[in-house]
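Geometric and topological summary
One letter stands for each residue in the lines below.
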Amino acid sequence: MGKKNKDGTNLGRQLIKDRFGHTPRRKVDNDTMLHTTELQDGYDWGRLNLSSVTEESSFNAFLRTAELAGTEFQAEKLNITFVNPKQRVGLLSKTQEQTMHQKHAEHRDQLKIPRRPKWNKETSAEDLERAENEAFLNWRRDLALLQENEEILMTPYEKNLEFWRQLWRVVERSDVVVQIVDARNPLLFRSVDLERYVKEVDSNKLNMILVNKSDLLTLEQRQHWAQYFDCEGIRTAFYSATLVEEELKREAEAARQAAESPTSALELKQLREAAEEIQQSLDAVEQTLDVIENKMKSKPSDATDVKLPRLPTDKNSAHLLSRTELIDFLRHIYTGPRHTAQQVTIGMVGYPNVGKSSTINSLMTVKKVSVSATPGKTKRFQTLFLENDILLCDCPGLVMPSFVLTKADMLLNGILPIDQMRDHVPAVNLLCERIPRHILEDKYGIVIAKPLEGEDPDRPPFSEELLLAYGYNRGFMTSNGQPDQARSARYVLKDYVNGKLLFALGPPSVIQSEYHTFPERQRKPVEESQLPGQQQRAMRINKSTSKELDQQFFNAQPSVAHVKGRTNFPHVRLANDGNLVTGEAPAKPWRNVKKERREKLRKKFSHLDEH
C-alpha cells in the first residue's frame, strides 16, 4: 500500500474539485468542450445536412433540450411496471379505436406537408432561405400542437428541411407526380395534401397513384381499389416490381444458357423457321382478337374488361401491368403542356420500404438506384431517361405525416425499423389479431397453446403464446433454457412486413371481413396432450394447468404437522373433525430420532425450474 500524501489530497479528490469546485472549467479556444479534432471545420464544413431525421429517442430529445436551456438535472430510477401477458398490451379497445378514427376524420385537413414560399427572380437567396426556414418551423409547430392538443399519434415524419427542398424541386419540374404506395395499405402511404400542393404549383400537372406489390392482391381486391380511386378522381395503376425483376432474371438466365450451348448453322436455321411460323400464328390470333374486340365494343363493357386506360376520362383498370405496359401507360397518360418539350417528366415519390427504388430499377432493367428500407439512402433527386420521350425524376424517400393508431401499426407497415424495436409485445399482439391461429400454425408448423378453461375458445393467441411456440420450434433459446421471445418476434414481424404473412386492408367502402378472407386449415390439428411434456411446459405462459393444480391438491394428504426440519411427530395426530390432537410429549423429543438430511433448496425444488 502506497504512502499517503502529506497534504491530505489524492487524485480522486482533485478530480472532484476540478469537476464541481469553484475553479472555472478549462476550455479550448473555440469556447466548447470539444477537442479540435472533433470540430466539423474541415471536409464536412459548409456541406448540406442530408442525414434523414424522422425520430429521436426521448432521452436524446431531453438531453438536447437541457443543453439548449443550460439547466442541470439528476437521474432517478424509474418505477417498474409488471405487465400481464394475458392482456392486449399496447393496443386500443374498440371504443378507443372509434374515438381515434373520428378524430382522424375531423383533423384530416390539418395533416399537411410544408409548402415552398412564393418567390420570383428578384428574391435573393438569403431571403428565400429565411422564408423557407420560417415556413418550415411554422409547419412543424402546427403538427406538434395538433399531436399535443388532440392526443393524436402520427408517423415519425421527415424533420430535415433539405429533403423537403428536394421534393419541391421534383414537383416543380415534373409533369406527372406518381405516389408509389403499398398494396396492403394504400391509404396510409397516400398523401392527399401532396396532391393539393401539386395542383397549387401548376393546375396542368397530373397526380397518379402506382400501387406496388399488387401481386399480393387478388383481382377482386384490385377491382375494389380501382373503383375507390375512380370515386376519388385520381388515376391509378397496379404493378409489381418483384414479379418484373424475377421475370428479367429468368430471361437473363435463359439468354446466358442459350449463349453457352453450341448451336450449328442448321439448328439456327430451324430456329428461325420455327420463329417465323410462331409469328405468323400470332398475327392470325391478333386478327381474330381484333374482330372479337370490335364486336365487344358494340356491347356494354363489363367489369372484367382489361383494356388499359389511356385518356384522362378512362376509368382505372384492375389489370396487373407488366413492364412494357407500364411504360406505355406513362407515355400516354399526360396530354397537357410539358416542362420539357421533348419528353414527359415523371416524378416518383414514396415512403421508404414501398418499393420506389425497386420499381425504378425494374423499369430501367438495370440497377440505377440504391435500394434501402430506411429513409435517407437517396440524398438528392436524380433524373433517369427511361425512353427517349420519358424522363424519370426520382425523389429521396420521404416519410410524410400520417395518422396511425399505435406504434405497432408503424412497425407492421414497415415505417419503423424492426431491428431497432424495443418493445415487441404490442406489435405481435396486433399481428395475432390480424392473422388467425390456424394460419400461423400452418405457416410455421407449430402448435400454439389453446385457451385455458374459462377463457374464450375463439380468442386470438397472445404474443407470448405465439413466440414461445415459435422459439421452441426453431431452437431460439435463452441462456436459462427458455424460448427467446425477442428474437422470435423479429423473425415473425419481418415475415409480416415481407408479405409471407399476408393481411391486406381494404378501402373504407368495403367490409374488411369480406375484402380479405383466409384459406382453410391445411394441416391436421395436433392436440397439445400429444406433445412431449417438455414442449408442453415450454409453450405455456402458466407452467401448470388447472387440471394439474387440482390433481396436486386432492392427492396431498395433510395428516401430520409440518415444522421446519421435521415432519414426524407421533404425539400429534389429525382428528376426524379436522382438529389437531396432541398427546403427552416426551421430555426430550430430539432423543432417539434420526434427523432428516439437509438438502440444497435448488435440488429440492428443481421440478419448478422445468420448462
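Note that the structure is predicted; figures quoted are calculated from it, not measured.

Basis of the calculations
- Sequence order as written defines the numbering, with residues in each chain counted from 1.
- Totals for whole chains, interfaces and linings use every residue, but because this is a predicted model, local features are given only for residues with pLDDT of at least 70 and side-chain atom pairs only at 80 or more, for both listing and counting.
- Hydrogens and waters are ignored; side-chain quantities use all the structure's heavy atoms.
- The secondary structure listing takes helices from DSSP runs of H or I that are at least 4 residues long and strands from runs of E that are at least 2 residues long, numbered from the N terminus.
- Burial classes follow relative accessibility: with a 1.4 Å probe on protein chains only, a residue under 20% of its type's maximum area counts as buried, one over 50% as exposed, and anything between as partly exposed.
- Where accessible areas are quoted, they stem from the Shrake-Rupley method and a 1.4 Å probe; at the residue level, only the protein chains shown are allowed to cover.
- A helix is expected to reach a length of 1.5 Å times the quantity of its residues less one.
- The directions considered for the arc are those from the helix axis to the C-beta atoms.
- Residues count as neighbours in contact if any of their non-hydrogen atoms are within 4.5 Å of one another.
- Remark: nonpolar core denotes a set of buried residues (Ala, Val, Leu, Ile, Met, Phe, Trp, Tyr, Cys) joined through side-chain atoms within 4.5 Å.
- Stacked, tilted and edge-to-face are the three classes applied to pairs of Phe, Tyr and Trp rings, where Trp contributes its six-membered ring and a pair requires centres within 6.5 Å; stacked means planes under 30 degrees apart, edge-to-face means over 60, and tilted covers the rest.
- Two strands are said to pair when DSSP picks up at least two bridges between them.
- Note on definitions: angles span 0 to 180 degrees between N-to-C directions of axes, and those axes are lines fitted to C-alpha atoms, for helices only across the stretch in contact.
- We call two directions roughly parallel when the angle between them is under 35 degrees, roughly antiparallel when it is over 145, roughly perpendicular when it lies between 65 and 115, and oblique otherwise.
- Residue polarity is assigned by list, with Asp, Glu, Lys and Arg as charged and Ala, Val, Leu, Ile, Met, Phe, Trp, Tyr, Cys and Pro as nonpolar; anything else, Gly included, falls into the polar class.
- On a range of 0 to 100, pLDDT expresses the predictor's confidence in each residue.
- Throughout, right-handed denotes a crossover for which the path from the first strand over the helix to the second runs clockwise when the strands point away from the viewer.

Concerning the overall build of the chain
- The number of helices and strands found in the chain is 21 helices and eight strands.
- Burial statistics for the chain: of 611 residues in total, 35% are counted as buried.
- Accessible surface for the chain amounts to roughly 40,200 Å². Of this, 51% is attributable to carbon and sulfur atoms.

Side note on helix 8 (residues 219-232)
- Over its 14 residues, helix 8 runs 20 Å from end to end, which matches the ideal 20 Å to within 8%, given 1.5 Å per residue.
- Buried within helix 8 we find Gln-221, Arg-222, Trp-225, Ala-226, Tyr-228 and Phe-229. Projection of helix 8 onto a plane perpendicular to its axis shows the buried side chains occupying an angular sector of 165°, all on one side. Counted as exposed and oriented over 90 degrees from the buried face of helix 8: Glu-220 and Cys-231.
- Packed against the buried residues of helix 8 are helix 6 (186-189), strand 2 (206-212), strand 3 (235-238) and helix 18 (512-515).
- Of the residues trailing helix 8, Gly-233 is marked for its positive phi of about 75°.

A closer look at the nonpolar core
- Membership of the largest hydrophobic core comes to 106 residues, with the highest contact counts inside it found for Trp-164, Leu-167, Met-208, Ile-346, Leu-392, Leu-431 and Leu-466.
- Looking at this core element by element, the count peaks at seven residues for helix 5 (residues 161-173).
- Every residue in contact with Leu-431, bar those within four places of it in the chain, is listed here: Leu-412, Leu-440, Leu-466, Val-492, Leu-493, Tyr-496 and Leu-501.

Overview of helix 7 (residues 192-201)
- Turning to helix 7, its buried residues are Asp-193, Leu-194, Glu-195, Tyr-197 and Val-198.
- Next to the buried residues of helix 7 lie helix 5, strand 1 (176-182), strand 2 and strand 4 (344-350).

Comments concerning the packing of aromatic side chains
- Tallied over the full model, the rule gives 10 aromatic pairs.
- When the ring of Phe-136 is compared with that of Trp-139, the centres are 5.4 Å apart and the planes differ by 35°; the resulting orientation is tilted. On the criterion of helical spacing, the pair formed by Phe-136 and Trp-139 is a turn pair, its members being three residues apart in helix 4 (residues 125-150). Each member of the pair, Phe-136 as well as Trp-139, is classed as buried.
- Residues Tyr-444 and Tyr-470 carry aromatic rings whose centres are separated by 4.9 Å and whose planes lie at 80° to one another, so their mutual orientation is edge-to-face. Taken together, the residues Tyr-444 in helix 15 (residues 437-444) and Tyr-470 in helix 16 (residues 463-474) connect sequence positions 26 residues apart.

Focus: the sheet that holds strand 5 (residues 382-387)
- An order of 3-2-1-4-6-5 is seen for the six strands of this open sheet, with the pairing classed as mixed. Of all strands in the sheet, those with a lone pairing partner are strand 3 and strand 5, marking the two edges. Each strand of the sheet is rotated relative to its neighbour by a mean of 30°, with strand direction disregarded.
- Of the pairings in the sheet, the one linking strand 1 to strand 4 comprises five bridges and is parallel in character. For Ile-180, the partnering residue across the bridge sits in strand 4 and is Gly-350.
- Where helix 7 meets the sheet, it contacts strand 1, strand 2 and strand 4, and its direction lies at approximately 150° from that of strand 2.

Looking at the packing of helix 14 (residues 425-434) against helix 16
- As a packed pair, helix 14 and helix 16 sit with axes 8 Å apart at the nearest point and diverge in direction by 90°. One element, helix 14, and the other, helix 16, form an angle in the roughly perpendicular class. Packed against helix 14, whose contacting residues are Val-425, Val-428, Asn-429, Leu-431 and Cys-432, the element helix 16 presents Ser-463, Leu-466 and Leu-467 at the interface.
- Each residue belonging to the contact of helix 14 with helix 16 can be placed in one class, and the counts come to six nonpolar, two polar and no charged.

Topic: the packing of helix 16 against helix 17 (residues 485-497)
- As a packed pair, helix 16 and helix 17 sit with axes 9 Å apart at the nearest point and diverge in direction by 95°. Accordingly, the angle class assigned to the pair helix 16 and helix 17 is roughly perpendicular. Where helix 16 abuts helix 17, its residues Glu-464, Leu-466, Leu-467, Leu-468, Tyr-470 and Gly-471 lie against Gln-485, Ser-488, Ala-489, Tyr-491 and Val-492.
- Among the residues making up the contact of helix 16 with helix 17, the classes are represented as seven nonpolar, three polar and one charged.

Some details on the confidence of the model for the chain
- Confidence in the prediction of the chain, expressed as mean pLDDT, is 77, and 72% of residues score 70 or more.
- When the criterion is pLDDT under 50, residues 36-46 qualifies, and its contacts beyond four places in sequence or with other chains add up to four contacts.
- Overall, residues 299-308 carries pLDDT values under 50, and its contacts beyond four positions in sequence, including any with other chains, amount to eight contacts.

Focus on the environment of Thr-335
- Along the chain, the position of Thr-335 falls in the loop between helix 11 (323-332) and strand 4.
- Counting along the chain gives 160 residues from Thr-335 to Asp-175, while the straight-line C-alpha distance between them is 9.6 Å.

Quick word on the pairing of strand 3
- Side chains Arg-235 and Ala-237 of strand 3 all project onto a buried face; the interleaved residues Thr-236 and Phe-238 project onto the opposite face, where all are buried too.
- Sheet topology places strand 2 next to strand 3; four bridges connect them, and they run parallel. The residue of strand 3 that forms the bridge with Leu-210 is Ala-237.
- The parallel pair strand 2 and strand 3, bridged by helix 8, forms a crossover whose chirality is right-handed.

Observations regarding unusual backbone geometry
- Positive phi, normally seen in glycine, also occurs at Lys-213, with a value near 60°.
- In this structure, Lys-213 sits in the loop between strand 2 and helix 8.
- In this structure Lys-213 comes out as buried when scored by relative accessible area, which is 18%.

Some remarks on the environment of Lys-524
- Among the secondary structure elements, Lys-524 is positioned in the loop between helix 18 and helix 19 (533-538).
- With 82 residues separating them along the chain, Lys-524 and Asp-442 place their C-alpha atoms 9.1 Å apart.

Some points on the side chain of Arg-437
- Here Arg-437 lies in helix 15.
- Non-local contacts of Arg-437, meaning those with residues more than four positions away in its chain, are made with Ile-448, Ala-449, Lys-450, Pro-451, Arg-459, Pro-460 and Pro-461.

Description of the environment of Glu-129
- Inspection of the secondary structure assignment puts Glu-129 in helix 4.
- A C-alpha to C-alpha distance of 9.5 Å links Glu-129 and Pro-117, two positions 12 residues apart in sequence.

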